[in-house]
Amino acid sequence: MIDNSVLEQMIKEVMAGMKDTSYTEPKKTGGGRRVTEADYPLSEKMADVIKAPTGKTLEEITIGGVMNGSITANDVKIAPETLEMQAQVAESVGRDAFAKNLRRASELIAVPDERILEIYNALRPYRSTKAELIEIAEELENRYSAVINGKLVREAAALYEKRGRLKE
């Protein structure tokens, strides 16, 4: 059996390594200031705004809390605001494609995991009709406010139609 102090140290090391993908709320700064490379890593440079989607701070997320059940999986999920801030950092260093991926990911946080897997499978060639893909795009846009992802599914539908990859 592993000693609790060894286990706690291991978890602290893992959590420390994850800090630059922390959970945050938008930084409240004057004039709508954007986050840049100078703010990275967010967990060190913007610690005053780092929070889990449930509102818990990183300091509140402890091994003791995990062991006694006061910290749940929802306390360590990434927040859309974190991904947006990281997208801004990526843009500030010229990584625009990565920023777009982060924004798509931030939209998908609202979509249940099971539904994401269903959509993934529906997007495979020959699995869906054009109408089914358009329906998925509308669902993403209207039910989950995932406009960027809805546009991506619409583009996939058009491309699959052009290349003959739709279900008959």
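Residues numbered from 1 in each chain as written. Predicted model: local features only at pLDDT ≥ 70, side-chain atom pairs only at ≥ 80, totals over all residues. Heavy atoms only, no water.

Q: How would you sum up the overall build of the protein? Please name residues and give values.
A: From N to C terminus, the protein includes eight helices and zero strands. Put simply, the protein runs from its N terminus to its C terminus through helices and strands in the order α-α-α-α-α-α-α-α. Considering the protein as a whole, with its 168 residues, one finds that 30% of them fall into the buried category. In the protein, the proportion of contacts linking residues at least 24 apart, taken out of those at least 6 apart, comes to 58%. (Helix = DSSP H or I, 4+ residues; strand = E, 2+ residues; numbered from the N terminus. Buried < 20%, exposed > 50% of the residue type's maximum accessible area, 1.4 Å probe, protein only. Contact = heavy atoms within 4.5 Å.)

Q: So what's going on with the pattern of salt bridges? Which residues, and what values?
A: Counted under the stated rule, the structure contains nine salt bridges. Where R34 meets E91, a salt bridge forms, and the shortest distance between an N and an O atom there is 2.4 Å. Within this pair, whereas R34 is found in the loop between α1 (4–18) and α2 (42–45), its partner E91 is found in helix α4 (residues 80–92), the two being separated by 57 residues in sequence. Exposure remark for E91: the relative accessible area of 30% places this residue in the partly exposed category. The partner of R103 in a salt bridge is E91, and the shortest N-O contact between them spans 2.7 Å. (Salt bridge = Lys/Arg side-chain N within 4 Å of Asp/Glu carboxyl O.)

Q: So, the packing of α4 against helix α5 (residues 96–108): which residues are in play, and what are the values?
A: When two helices pack together, their arrangement is captured by the angle between the axes and the distance separating the axes. Relative orientation of the contacting elements α4 and α5 amounts to 170°, with a least axis distance of 8 Å. Compared by their axis directions, α4 and α5 come out roughly antiparallel. Residues P80, L83, E84, Q86, A87, Q88, A90 and E91 of α4 lie in contact with α5, whose contacting residues are D96, F98, A99, L102, R103, A105 and S106. For the contact of α4 with α5, the per-class residue count stands at eight nonpolar, three polar and four charged. (Axes fitted to C-alpha atoms, helices over the stretch in contact; angles between N-to-C directions. Parallel < 35°, antiparallel > 145°, perpendicular 65-115°, else oblique. Nonpolar A, V, L, I, M, F, W, Y, C, P; charged D, E, K, R; others polar.)

Q: So what about the environment of A137? Which residues, and what values?
A: Within the fold, A137 resides in helix α7 (residues 130–143). Excluding anything up to four places from it in sequence, A137 contacts G150, V153 and R154.

Q: Account for the packing of aromatic side chains, naming residues and giving values.
A: Under the criterion given, the structure shown has zero aromatic pairs. R95 extends its terminal NZ or CZ atom over the ring of F98, reaching a point 4.9 Å from the ring centre. (Phe/Tyr/Trp six-rings, centres within 6.5 Å; stacked < 30°, edge-to-face > 60°. Lys NZ or Arg CZ within 6 Å of the ring centre and 35° of its normal.)

Q: Describe unusual backbone geometry, listing the residues and the values that go with them.
A: Generally, phi is negative for residues other than glycine and the peptide bonds are trans, each holding for most cases. Omega for the bond connecting Y40 with P41 falls within 30 degrees of zero, at 0°, which places this linkage in the cis form. Among the structural elements, P41 can be located in the loop between α1 and α2. Backbone geometry at Y126 places phi at a positive 70°, although glycine is not the residue there. With respect to the secondary-structure elements, Y126 resides in the loop between α6 (113–122) and α7. Here the phi dihedral of S145 falls at roughly 55°; this positive angle occurs in a residue that is not glycine.

Q: Could you give an account of α5, naming the residues involved and the relevant values?
A: Across its 13 residues, α5 extends 19 Å between first and last C-alpha, which sits within 8% of the 18 Å expected from 1.5 Å per residue. Turning to α5, the residues buried within the fold contact α4 and α8 (147–163). (Expected span 1.5 Å × (residues − 1).)

Q: Lay out the side chain of S128 with the relevant residues and their values.
A: Secondary-structure assignment places S128 in the loop between α6 and α7. Among the polar contacts made by the side chain of S128, one reaches the main-chain carbonyl oxygen of A122 at a distance of 2.7 Å. In contact with S128, other than residues within four places in its own chain, are A122, L133, L166 and K167. (Polar contact = N/O pair within 3.5 Å; in protein donor to acceptor, adjacent residues only side chain to side chain.)

So yeah, pure geometry; function would need other evidence.
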